[in-house]
Amino acid sequence: MARLDGKKAVILGAASEGNMGQVMARLFASEGATVMVAGRHEEPLAALASDIGGHYALCDITDKAQVRAMADKAVADMGRVDAAINCSGWGLLESFVDTTEEQLDQIVDLQFKGVHHFLQAFIEKMMAQDPQGGSLISLSSATTKALINNHAAYIGTKRGSEALIECVANDYGKYGIKANTVSPAFTESPMTAQSFQTPGIVDAFVPRYPLGRLNTSEDVANACLWLCTDEAFLTGQNIQPNGGLTLRGNPQATDLEASVGAAMAKLAES
């Protein structure tokens, strides 16, 4: 039997071709779940929903009314919600002193307030359904444990979202609700495409992974899959499917500069 047979899942942040949310949605569907994908762009969502035999909803996580409408639609379309996963995020790379108030407002709305909206809406749905309960997941980042330069606003709001998850786990476990964080590291995706094209960047990261390679979207999707099964008896945890990066830490700005410089020099010689 498929591991998510009969379960109903919502995955927010699945509107970019090949991104982590889309990889996750395809995996969940292959394991028997009925999946609603959500995000801000209708065309890719509709195509993905059609491919996996699921549903879709338009939703901007920063808009509380849209988040609640998405949760309502999920119950209307699927009957209940057994898993709700937030994959949205913005990899703001800016020095601490140069970060603007506008950027702060945007990232707080997306990665803290938006996560609160998301959790609040689905807690209410999971408490109201029979039987009660379900699995809530918000993607965070290995950078909250393994700091990297020029990422303070990103790290700060991701850490805040981890605290929200812990509070949900503590307060709502009595309703059968599990809440956990999953923290990828540097992963090839539409959000990081430019970095992966820069010579030397990947070379700086790989030695930091004890298992010898960067984590993939599939690694992250598999971790989320397990958390949404009945096998996973844990809540309030920060799962790190990133090959041990947090043991060694991320490369710092000087490491990246040196690696890129060496790669560019090698290219110039060839």
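Described in the following lines is the structure provided in the data block. No experiment lies behind these values; they were computed from the predicted model shown.

Moving on: the packing of aromatic side chains. Here the structure, examined in full by the defined rule, presents 3 aromatic pairs. Seen in terms of ring centroids, Phe-118 and Phe-122 are 5.0 Å apart; in terms of plane orientation they differ by 55°. Their pairing is tilted. Taken as a pair, Phe-118 and Phe-122 lie in helix α4 (residues 101-128) at a separation of 4 residues, close to a single helical turn. The class for Phe-118 is buried, based on a relative accessible area of 0%. Judged by its relative accessible area of 0%, Phe-122 is buried. The cationic tip of Lys-73 hangs over the ring face of Tyr-56; the distance from NZ or CZ to the ring centre is 6.0 Å.

Summed over all chains, the structure comprises 10 salt bridges. Measuring nitrogen to oxygen at the nearest pair gives 3.4 Å for the salt bridge that ties Arg-26 to Asp-51. Taken together, the positions of Arg-26 in helix α1 (residues 20-30) and Asp-51 in helix α2 (residues 42-52) put the pair 25 residues apart, joining distant regions of the chain. Taking the relative accessible area as the measure of exposure, Arg-26 reaches 38% and is therefore partly exposed. According to the relative accessible area criterion, Asp-51 is exposed, its value standing at 54%. Glu-124 serves as the salt-bridge partner of Arg-68, at 2.8 Å between the closest nitrogen and oxygen. Remark: Glu-124 occurs in helix α4 and Arg-68 occurs in helix α3 (residues 64-78); sequence separation between them is 56 residues. Judged by its relative accessible area of 27%, Arg-68 falls in the partly exposed class. Assessed through its relative accessible area of 39%, Glu-124 is described here as partly exposed.

Criteria and cut-off values
- Residues numbered from 1 in each chain as written.
- Predicted model: local features only at pLDDT ≥ 70, side-chain atom pairs only at ≥ 80, totals over all residues.
- Heavy atoms only, no water.
- Phe/Tyr/Trp six-rings, centres within 6.5 Å; stacked < 30°, edge-to-face > 60°.
- Helix = DSSP H or I, 4+ residues; strand = E, 2+ residues; numbered from the N terminus.
- Buried < 20%, exposed > 50% of the residue type's maximum accessible area, 1.4 Å probe, protein only.
- Lys NZ or Arg CZ within 6 Å of the ring centre and 35° of its normal.
- Salt bridge = Lys/Arg side-chain N within 4 Å of Asp/Glu carboxyl O.

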